[in-house]
Amino acid sequence: MTSEEQVSQHTPETSRIVSHDDGQTGVPLRPGSTAEAGERRKAARANRVKKGLVIVNTGNGKGKTTAALGILLRAWGRDMRVGGIQFLKHENANYGELRALQRMGVELTPMGDGFTWTSRDLDETQAKAVHGWETAKARISSGNYDIFLLDEFTYVLNYGWVDTADVIEWLRQHKPPMLHLIITGRNAPQALIDFADLVTEMREVKHPFRDQGIRAQKGIEY
């Protein structure tokens, strides 16, 4: 069996498998790719388009913030200027990611009073969230960052503490063109999804707490 035949066994039947090029355009393809995908890559290389992306990590599954922190880590390794705000985590939080980022010289600022379901004063919680957005606007528009994270920001939008349409319009007008902005949280508003460039939905398949009663553990959840 040839290597091409081996690849084709692990690829959906709807994909046309080509090992080198499609024989028509001469576009080099990756194993398991299609001619259409190869053309898209060729066009992207030719256009050389770059843009500061709006990235949304949403869904009920774990990993939204973790994935965002992975981008911050990668960008930091590229000497890019990174930072962010956490909207629900308590302003005195000292989670593992905050400890690590502090050692790296990265400012990720928690500005909440804890999760809303434990809040003793939702008016104060809302006020902190609104203040967090005002702080975020100043930092986003400052020109001091290449990548900025708005962690748990979808909750602020869903609770109506900050208007989604107003946020999107502000970003259209004030986000630096090459700044990558990451927004995390469940139930991202549809308007935000439509506005974003990259949207990933985390889907929960299994969960150690739900399935085994295992609570959050250091280094995994915090």
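Up top is the structure.
Residues numbered from 1 in each chain as written. Predicted model: local features only at pLDDT ≥ 70, side-chain atom pairs only at ≥ 80, totals over all residues. Heavy atoms only, no water.

## Quick notes on the pairing of strand β2 (residues 82–90)
Then, number 1: For β2, a buried count of eight out of nine residues is recorded, marking the element as mostly surrounded by other parts of the structure.
Then, number 2: Where β2 meets strand β4 (residues 147–151), five bridges bridge the pair, whose relative direction is parallel. Note that in β4 the partner of G84 across the bridge is L149.
Then, number 3: Across five bridges, the pairing between β2 and strand β3 (residues 107–112) is parallel. (Buried < 20%, exposed > 50% of the residue type's maximum accessible area, 1.4 Å probe, protein only. Helix = DSSP H or I, 4+ residues; strand = E, 2+ residues; numbered from the N terminus. Pairing = 2+ DSSP bridges.)

## A look at the packing of aromatic side chains
Then, number 1: Evaluation of the coordinates by the stated rule reveals six aromatic pairs.
Then, number 2: Centre to centre, the rings of F87 and F153 are 4.8 Å apart; their planes meet at 40°, and the pair counts as tilted. With a gap of 66 residues between them, F87 in strand β2 and F153 in helix α6 (residues 153–158) connect regions that are remote in the sequence. Pair check on accessibility: F87 and F153 agree, each one buried. (Phe/Tyr/Trp six-rings, centres within 6.5 Å; stacked < 30°, edge-to-face > 60°.)

## Remarks on helix α4 (residues 96–104)
Then, number 1: Along α4, the residues that are buried comprise E97, L98 and L101. Seen from one end, α4 has its buried residues packed into an arc of 95°, which puts them on one side. Facing away from the buried surface of α4 by more than 90 degrees, the exposed residues are Q102 and R103.
Then, number 2: Here the buried face of α4 lies against α3 (64–77), β2 and β3.
Then, number 3: Where α4 ends, the next residue or the one after it, G105, has phi of about 80°, a positive value. (Arc of directions from axis to C-beta. Contact = heavy atoms within 4.5 Å.)

## Here we look at the pattern of salt bridges
Then, number 1: Inspection of the entire model under this criterion finds 11 salt bridges.
Then, number 2: Across the pair E91 and K128 runs a salt bridge whose closest N-O atoms are separated by 3.4 Å. In this pair, E91 is assigned in the loop between β2 and α4 and K128 in helix α5 (residues 122–140), connecting sequence segments 37 residues apart.
Then, number 3: With its nearest N and O atoms 2.8 Å apart, the salt bridge here joins R210 to E204. (Salt bridge = Lys/Arg side-chain N within 4 Å of Asp/Glu carboxyl O.)

## What about the environment of D197?
Then, number 1: For D197, the position within the fold is in the loop between α8 (190–195) and β6 (198–201).
Then, number 2: D197 sits 146 residues away from K51 along the chain, and the two C-alpha atoms are 9.5 Å apart.
Then, number 3: With residues near it in sequence (within four places) discarded, D197 still touches K51, G52, L53 and V54.
Then, number 4: In this structure the side chain of D197 is engaged in a polar contact, spanning 2.5 Å, whose partner is the side chain of K51.
Then, number 5: Polar contacts involving the side chain of D197 include one to the main-chain amide nitrogen of V54, which spans 2.8 Å. (Polar contact = N/O pair within 3.5 Å; in protein donor to acceptor, adjacent residues only side chain to side chain.)

## What about the nonpolar core?
Then, number 1: Of all hydrophobic cores here, the largest spans 28 residues; its most connected members are F87, W133, A136, I140, F148, L150 and F153.
Then, number 2: The contacts of F87, once residues within four sequence positions are left out, are M111, G112, A129, G132, W133, A136, L150, D151, E152, F153 and V156. (Core = buried A, V, L, I, M, F, W, Y, C linked by side-chain atoms within 4.5 Å.)

## Some thoughts on the pairing of strand β5 (residues 180–184)
Then, number 1: With five of five residues buried, β5 lies mostly within the body of the structure.
Then, number 2: Taking every second residue as pointing to the same face, both faces of β5 are buried, with H180, I182 and T184 on one and L181 and I183 on the other.
Then, number 3: Here β4 pairs with β5 via four bridges, running parallel. From the neighbouring strand, I147 faces β5, where its bridge partner is H180.

## Observations regarding the packing of α5 against helix α7 (residues 164–174)
Then, number 1: Contact geometry for α5 and α7: axes closest at 11 Å, N-to-C directions at 15°. Here α7 runs roughly parallel to α5, going by the angle between their axes. As for the relative orientation of α5 and α7, their crossing is right-handed in sense. Residues W133, K137 and I140 of α5 form the contact with α7, whose own contacting residues are V167, W170 and L171.
Then, number 2: Across the contact of α5 with α7, the residue classes break down as five nonpolar, no polar and one charged. (Axes fitted to C-alpha atoms, helices over the stretch in contact; angles between N-to-C directions. Parallel < 35°, antiparallel > 145°, perpendicular 65-115°, else oblique. Left-handed = near helix turned anticlockwise from the far one by under 90°. Nonpolar A, V, L, I, M, F, W, Y, C, P; charged D, E, K, R; others polar.)

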